[in-house]
Every structure is written in C-alpha cells, then in structure tokens.
Amino acid sequence: MEKILISGCLLGLPVRYDNKIQPVENKYIQKWHKEGRFIIVCPEVKGGLPTPRPPAEIMGGSGEDVLSGNACIHNSAGGDVTQAFITGAQAALDLVQRFHIRMAILKEKSPSCGSHFIYDGTFSRRLIPGLGVTAALLIRNGVSVFSEKEIGTAFEFFGRI
C-alpha cells in the first residue's frame with residue numbers, strides 16, 4: 001500500500017512547539033487515515049527537541065541554506081537548534097526511504113516543514129518565501145511535498161502515483 005508522510009501536528013498530535021492541538025479537518029485526510037496510509041512524523045521531536053519548546057526560526061536563509069551549512073536555526077531564547085532540525089529532517093528522510101514514500105503533507109510556515117513560506121528569522125511573525133529543513137531535504141530526494149493548504153492538489157497527485 002502506498003504510504004504518505006504527514007506532519008503529526010496536522011493529525012492533532014501534541015507535538016507543536018506550543019503544545020497546542022490543531023488538527024486539519026479534511027475529507028481526504030480522514031480517508032487516508034482510515035486506510036492506514038499515513039506515516040506520521042514530527043521532525044523537531046525526532047531531532048530531540050521537547051514539547052513544548054521555544055519557537056525557532058531559520059536565520060539567514062531557508063532550509064536549503066541550513067542543509068548547505070550557510071544558515072542556522074535559533075530559538076527565541078537564543079539557543080542554536082540547527083543540529084536538532086537537521087537530525088529530524090534526516091529521520092523523516094529515513095522513514096521516506098524505509099516505506100518508499102513519494103508524497104508528504106507537511107505543516108506550512110514551520111522551520112522544519114514549510115513548503116512555501118517560513119518565518120524570516122526575526123521573530124516578528126513576518127513570512128518569506130522558502131522551505132523548511134525537512135521539506136528541502138525531502139524535495140532534494142524526489143518527494144513531492146504539499147502543505148495542509150494543498151490537500152486537494154495532493155489528493156489529485158496521489159491518484160496519479
């Protein structure tokens with residue numbers, strides 16, 4: 001059975017940085033969940049970060065820049081959490097490879113999972129175009145990544161794979 005990687009927070013798991021539960025209500029998500037298609041991940045937790053945790057943002061670029069060693073990730077307390085994000089991204093990629101996953105649905109705006117927008121690194125809530133670290137690593141490895149705002153498009157894509 002074809003599996004789909006999904007951010008745990010989108011299913012309502014308490015893994016968000018603020019420990020809030022905010023599941024995405026969508027008929028396709030419900031269908032795939034009932035079919036047992038999801039492989040669930042929170043890259044930040046897999047990378048060793050606790051829940052709750054201070055918010056973190058990419059400084060000086062995007063997830064691609066972090067993977068290339070040209071940007072870092074700090075939390076709002078000033079701590080460098082770059083390695084935890086890289087470790088979590090690699091854990092997500094390991095799941096993708098183990099289950100032969102070709103599609104992921106990840107949380108937009110996240111420094112791990114953002115697929116179109118991330119915060120600008122100033123903790124001012126300003127968004128910029130860019131990828132999170134996990135999204136960048138998965139795309140680099142041939143996975144099609146969709147946000148929770150693109151589930152209809154993801155459903156169409158899934159029907160073609």
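Residues numbered from 1 in each chain as written. Predicted model: local features only at pLDDT ≥ 70, side-chain atom pairs only at ≥ 80, totals over all residues. Heavy atoms only, no water.

S.K.: Which residues make up the nonpolar core, and what values go with them?
M.R.: One finds Leu5, Ile73 and Leu138 to be the most contacted residues of the largest nonpolar core, which totals 30 residues. The leading source of residues in this core is helix α4 (residues 82-99), at seven residues. Sequence-distant contacts of leucine 138, defined by excluding residues within four places in its chain, comprise Leu5, Ala92, Leu93, Val96, Ala104, Leu106, Val143 and Val145. Among the nonpolar cores identified, the runner-up in size contains 17 residues, and Ile4, Leu10, Ile105 and Phe157 belong to it. (Core = buried A, V, L, I, M, F, W, Y, C linked by side-chain atoms within 4.5 Å. Buried < 20%, exposed > 50% of the residue type's maximum accessible area, 1.4 Å probe, protein only. Helix = DSSP H or I, 4+ residues; strand = E, 2+ residues; numbered from the N terminus. Contact = heavy atoms within 4.5 Å.)

S.K.: I'd like a rundown of the side chain of glutamate 2, residues and numbers included.
M.R.: Mapped onto the secondary structure, glutamate 2 falls in the segment before β1 (4-7). Within polar-contact distance, the side chain of glutamate 2 engages the side chain of arginine 102 at 2.8 Å. Leaving out residues up to four positions away in the same chain, glutamate 2 has contacts with Arg37, His100, Arg102, Phe158 and Ile161. (Polar contact = N/O pair within 3.5 Å; in protein donor to acceptor, adjacent residues only side chain to side chain.)

S.K.: Got a sec to walk through the layout of surface pockets? Specific residues and values, please.
M.R.: Considering only enclosed or pocket space, the largest pocket measures out at about 550 Å³ in volume. Lining the largest pocket are 27 residues, with Arg16, Tyr17, Lys109, Ser110 and Pro111 positioned closest to its centre. Breaking the lining of the largest pocket down by element, the ones donating at least two residues are α2 (43-46) and β3 (56-59). A per-class count over the lining of the largest pocket returns 14 nonpolar, five polar and eight charged. (1 Å grid on protein atoms, 1.4 Å probe; cavity = no way out; pocket = protein on both sides within 12 Å on 5 of 7 lines; lining within 4 Å. Points joined across faces, edges and corners; volume = space filled by probe spheres on them. Nonpolar A, V, L, I, M, F, W, Y, C, P; charged D, E, K, R; others polar.)

S.K.: Summarise the pattern of salt bridges; cite the residues concerned and give the values.
M.R.: Two side chains bearing opposite charge may form a pair once their charged atoms approach each other closely. Scanning the entire structure with this criterion turns up eight salt bridges. In this structure, arginine 102 engages glutamate 2 in a salt bridge whose closest nitrogen and oxygen atoms are separated by 2.8 Å. One end of the pair, arginine 102, is in the loop between α4 and β5 (103-106); the other, glutamate 2, is in the segment before β1, and 100 residues separate them in sequence. Note that glutamate 44 and arginine 53 form a salt bridge whose closest N and O atoms lie 2.9 Å from each other. On the basis of relative accessible area, arginine 53 is assigned to the buried category, the value being 9%. Among the ionic contacts, a cluster of salt bridges with common partners joins Lys31, Glu35 and Arg37. (Salt bridge = Lys/Arg side-chain N within 4 Å of Asp/Glu carboxyl O.)

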